[in-house]
Amino acid sequence: MGFFLTIEGGEGAGKTTAMGVITAWLASRDIAFIQTREPGGTPMAEAVRETLLASYDETVNSTTELLLMFAARSQNLHQNIELAMAEGKVVVCDRFTDATYAYQGGGRGVDRGHIATLETLVQGERRPDLTLLLDIDPEAGLTRAWGRGKALDRIEQEDIAFFNRVRAEYLDRAARYPRQYVVIDADRSLAQVKQHIEAVLTQRLGAC
Ligand SMILES: Nc1ncnc2c1ncn2[C@@H]1O[C@H](COP(=O)(O)OP(=O)(O)O)[C@@H](O)[C@H]1O
Ligand SMILES: [Mg+2]
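Chains are numbered independently. Their residues run from 1 in the order of the written sequence. Whichever chain is written first is A, and whichever ligand is written first is 1; the rest continue in order. With the structure being a predicted model, the display of local features is reserved for residues of pLDDT at least 70 and the display and counting of side-chain atom pairs for 80 or more, all residues being used for whole-chain, interface and lining totals. In computing side-chain values, all of the structure's heavy atoms are included and hydrogens and water are not.

**As for the environment of arginine 148**
Move 1: Helix numbers and strand numbers start at the N terminus; a helix is a DSSP run of H or I with at least 4 residues, a strand a run of E with at least 2. When you line up the elements, arginine 148 lands in the loop between α6 (138-147) and α7 (160-176).
Move 2: Between the C-alpha atoms of arginine 148 and glycine 12, which are 136 residues apart in sequence, the distance is 8.7 Å.
Move 3: Residue contacts follow a heavy-atom distance rule, with two residues in contact if any of their heavy atoms lie within 4.5 Å. Dropping the residues within four chain positions of it, arginine 148 is found in contact with Gly12 and Glu156.

**A word on the side chain of threonine 36**
Move 1: You can see threonine 36 is positioned in strand β2 (residues 33-37).
Move 2: Partly exposed residues are those whose accessible area sits between 20% and 50% of the maximum for their type, while under 20% is buried and over 50% is exposed, using a 1.4 Å probe and protein chains only. For threonine 36, a relative accessible area of 6% translates into the label buried.
Move 3: A 3.5 Å cut-off defines polar contacts: any pair of N or O atoms within that distance qualifies, except that in protein one atom must be a possible hydrogen donor and the other a possible acceptor, and neighbouring residues in sequence count only when both atoms are side-chain atoms. Here the side chain of threonine 36 touches asparagine 76 through a polar contact of 3.2 Å, side chain to side chain.
Move 4: Among residues more than four places away in sequence, those in contact with threonine 36 are Met19, Gly41, Asn76, Asn80, Ile81, Val91, Val92, Cys93 and Asp94.

**So, the site of ligand 1**
Move 1: Taken together, 14 residues form the shell around ligand 1, and within it Lys15, Thr16, Thr17, Arg148 and Arg188 come nearest.
Move 2: In the model, an oxygen atom of ligand 1 is placed 2.7 Å from a nitrogen or oxygen of the lysine 15 side chain.
Move 3: Contact between ligand 1 and threonine 16: an oxygen atom at 2.9 Å from a side-chain N or O atom of the residue.
Move 4: Here, Shrake-Rupley sampling with a 1.4 Å probe gives the accessible areas, and only protein chains in the shown set may cover a residue. Here ligand 1 has 560 Å² of accessible area as a free molecule, and 73% of this is covered by the chains.
Move 5: Those elements that provide at least two residues to the shell around ligand 1 are α1 (15-28) and α8 (190-205).
Move 6: Sort the elements by how many residues they give to the shell around ligand 1 and α1 lands first, with three residues.
Move 7: A breakdown of the residues in the shell around ligand 1 according to their chemical character gives three nonpolar, six polar and five charged. Near residues are defined by distance, with any heavy atom within 4 Å of the molecule or strand qualifying the residue. When residues are grouped by polarity, Ala, Val, Leu, Ile, Met, Phe, Trp, Tyr, Cys and Pro land in nonpolar, Asp, Glu, Lys and Arg in charged, and all others, Gly among them, in polar.

**Focus: the nonpolar core**
Move 1: The biggest cluster of nonpolar side chains holds 24 residues, and the ones touching the most others in it are Leu5, Ile22, Leu26, Val92, Leu132, Leu134 and Ile197.
Move 2: No other element matches α1, which puts six residues into this core.
Move 3: Aside from chain neighbours lying at most four places away, what touches leucine 134 is Ile7, Glu8, Gly9, Gly10, Ala13, Gly14, Lys15, Ala18, Ile184, Ala186, Val193 and Ile197.
Move 4: Among the nonpolar cores identified, the runner-up in size contains 18 residues, and Leu52, Ala102, Phe163 and Val166 belong to it. By convention a nonpolar core is built from buried Ala, Val, Leu, Ile, Met, Phe, Trp, Tyr and Cys residues, the set being connected through side-chain atoms within 4.5 Å.

**Overview of the sheet that holds strand β3 (residues 90-94)**
Move 1: Taken in spatial order, the five strands make up an open sheet running β2-β3-β1-β4-β5, and their pairing is parallel. The two strands at the open ends of the sheet, each matched to only one other strand, are β2 and β5 (181-185). Strand-to-strand twist in this sheet, taken as the mean axis angle between neighbours without regard to direction, amounts to 20°.
Move 2: At least two DSSP bridges between two strands are required for those strands to pair. In the sheet, strand β1 (residues 3-9) pairs with β3 via five bridges, with the strands oriented parallel. Across the sheet, the residue bridging to phenylalanine 3 is valine 90, located in β3. To get an axis, a line is fitted to the C-alpha atoms, and for a helix only the part in contact is used. The angle between two axes follows their N-to-C directions and goes from 0 to 180 degrees.

**Quick look at the packing of aromatic side chains**
Each pair of aromatic rings is reported with the distance of its centres and the angle of its planes.
Move 1: Two rings from Phe, Tyr or Trp (for Trp, the six-membered ring) form a pair when their centres are within 6.5 Å of each other. A pair whose planes differ by under 30 degrees is stacked, one over 60 is edge-to-face, and the rest are tilted. Enumeration according to the criterion identifies four aromatic pairs in this entry.
Move 2: Relative to tyrosine 170, the ring of tyrosine 103 has its centre 6.4 Å away and its plane inclined at 80°; by these criteria the two rings are edge-to-face. Of this pair, tyrosine 103 sits in helix α4 (residues 97-107) while tyrosine 170 sits in helix α7; the two residues are 67 residues apart in sequence, bridging distant segments of the chain.
Move 3: Its relative accessible area of 5% is what places tyrosine 103 among the buried residues.
Move 4: What makes tyrosine 170 buried here is its relative accessible area of 2%.

**A short note on helix α3 (residues 62-86)**
Move 1: Taking 1.5 Å of rise per residue, 25 residues should cover 36 Å, and α3 covers 34 Å from first to last C-alpha, within 8% of that figure.
Move 2: Those residues of α3 not exposed but buried are Glu65, Leu66, Met69, Phe70, Ala72, Arg73, Asn76, Leu77, Ile81, Ala84 and Met85.
Move 3: Check the buried side of α3 and you find it contacts β1, β2, α2 (43-53), β3, α4 and α5 (112-123).
Move 4: Where α3 begins, the capping side chain belongs to asparagine 61, and its oxygen is found 2.9 Å from the backbone nitrogen of threonine 63. For a helix, the expected span equals 1.5 Å multiplied by the residue count minus one.

Below, the structure is given as structure tokens:
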């Protein structure tokens, strides 16, 4: 029932762009879907997102950040994702728990066992059916992200070493979970990235 597709990658890798490619592909085939993003996806979870991404005149404790990520996720999962899955829809989500492993685990050094505990608490057995990892050197991704012209949020303001750890954690997870992950080289033209994504969708969802 349903199909849970997540899009992962660093800042400026092209996740939001990929979301457009995927939803256009699904719509052109009359496949029912919802799109959502994390942290966020419901009014309450979007409020938690704002709280998470704002800058404060205090140190944000990494456990506080971790708990807020999963608080938002619990809301989005139960209000949106599980309902759409039960209706047999494709759920396309811009970031999910793999981002928590990458950013809070790889980036901040949070114990992966604690993340796994919260993953089970919040999600039970639910895991993505497919994760597209848009992989790009963080410097190149950040250059693209700056090109969007929006001010950087609290997490986007981390240093390059942080984003290198995020990337390494994503690639490590992709190697460990090859049935879940497809790694897309995002440092190519949009046309090439689009072609790769569409080929994966045809392979995994073409029979829908
Ligand atoms: N393959 C690509 N080549 C060049 N620019 C791209 C490519 N994919 C996305 N972009 C541009 O890079 C910027 C960041 O893309 P975006 O999809 O917002 O990334 P993310 O959501 O991963 O942060 C946008 O301005 C987008 O138009
Ligand atoms: Mg985006």
